[in-house]
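Here are the chains, one letter per residue:
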Amino acid sequence: MADVKITVRPNGPYRVEGPVTLVDHEGKEWDLTGKAAFSLCRCGASVNKPFCDGTHSKIGFQAAEAAVRAENNLTTPGDPTMPVKI
Ligand code: FES
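Residue indices follow the written sequence of each chain, beginning from 1 at its first position. For this predicted model, a pLDDT threshold of at least 70 governs which residues receive local features, and a threshold of 80 or more governs which side-chain atom pairs are given and counted, while totals over whole chains, interfaces and linings are taken from all residues. With hydrogens and water excluded, all non-hydrogen atoms of the structure serve as input to the side-chain values.

Participant: Whenever I open this one, the overall build of the protein chain confuses me. Can you help?
Facilitator: Strands are runs of DSSP state E lasting at least 2 residues, helices are runs of H or I lasting at least 4, and numbering of each runs from the N terminus. A tally of regular secondary structure across the protein chain gives two helices and three strands. Secondary structure of the protein chain in N-to-C order comes out as β-β-β-α-α. Buried residues are those whose accessible area, probed at 1.4 Å on protein chains only, stays under 20% of the maximum for their type, while exposed residues exceed 50% and partly exposed ones sit between those limits. The buried share among the 86 residues of the protein chain stands at 20%. Contacts spanning at least 24 positions in sequence make up 25% of the contacts within the protein chain whose residues lie at least 6 apart. Note on areas: Shrake-Rupley, 1.4 Å probe, and residue coverage restricted to the protein chains presented here. Just so you have it, the protein chain exposes about 6500 Å², and 54% of that area is on carbon and sulfur atoms. Only heavy atoms matter for contacts: two residues are in contact if any of them lie within 4.5 Å across the pair.

Structure, rendered in structure tokens:
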């Protein structure tokens, strides 16, 4: 079984690498033939959902974990469900 890697891009999308099946709310699969990697929109502003189209940078999207980290004076990433105060 091959590994799937999902990278949270700073103030951007989720970068997905590896063999995956992507389905919509009705269970319909997207054709990902030939795509070794793709990015999923996290900001909600893409006109090509669920994929990122770069709009996040135009609207100045700030990821929630960054905002929470700044508000709580946290400086290092960690388990998002259990933020650690430094
Ligand atoms: S994360 Fe890129 S358009 Fe939404």
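Participant: In this structure, what is going on with the packing of aromatic side chains? I would like to understand it.
Facilitator: Each pair of aromatic rings is reported with the distance of its centres and the angle of its planes. Stacked, tilted and edge-to-face are the three classes assigned to paired rings of Phe, Tyr and Trp, where Trp is represented by its six-membered ring and a pair needs centres within 6.5 Å; plane angles under 30 degrees give stacked, over 60 edge-to-face, the rest tilted. Scanning the model with the defined rule gives two aromatic pairs in all. The interplanar angle of 90° and the centroid separation of 6.0 Å between the aromatic rings of tryptophan 30 and phenylalanine 51 together place this pair among those described as edge-to-face. Of this pair, tryptophan 30 sits in the loop between β2 (14–17) and β3 (37–40) while phenylalanine 51 sits in the loop between β3 and α1 (55–59); the two residues are 21 residues apart in sequence, bridging distant segments of the chain. Taking relative accessible area as the criterion, tryptophan 30 reaches 31% and is therefore assigned partly exposed.

Participant: Help me out: how do you make sense of the pairing of strand β1 (residues 5–8) in this one?
Facilitator: Sheet faces and side chains relate simply in a regular strand, where the side chains alternate between the two faces. Strands are treated as partners if at least two bridges between them are detected by DSSP. The pairing of β1 with β2 spans four bridges and is classified as antiparallel. Residue threonine 7 lies in a different strand from β2, and its bridge partner there is arginine 15. What sits between the antiparallel neighbours β1 and β2 is a turn of five residues, in which asparagine 11 has the positive phi angle 50°.

Participant: Is there a simple way to explain the sheet that holds β3 in this structure?
Facilitator: Consider a sheet: its strands pair through backbone hydrogen bonds, and that pairing is either parallel or antiparallel. Reading across from one edge, β1-β2-β3 is the order of the three strands in this open sheet, with antiparallel pairing throughout. The strands lining the two open edges of the sheet, one partner per strand, are β1 and β3. Taken pair by pair, the neighbouring strands of this sheet meet at an average axis angle of 20°, ignoring direction. Axis definition: a line fitted to C-alpha atoms, limited for helices to the stretch in contact. Angles are taken between N-to-C directions and run from 0 to 180 degrees.

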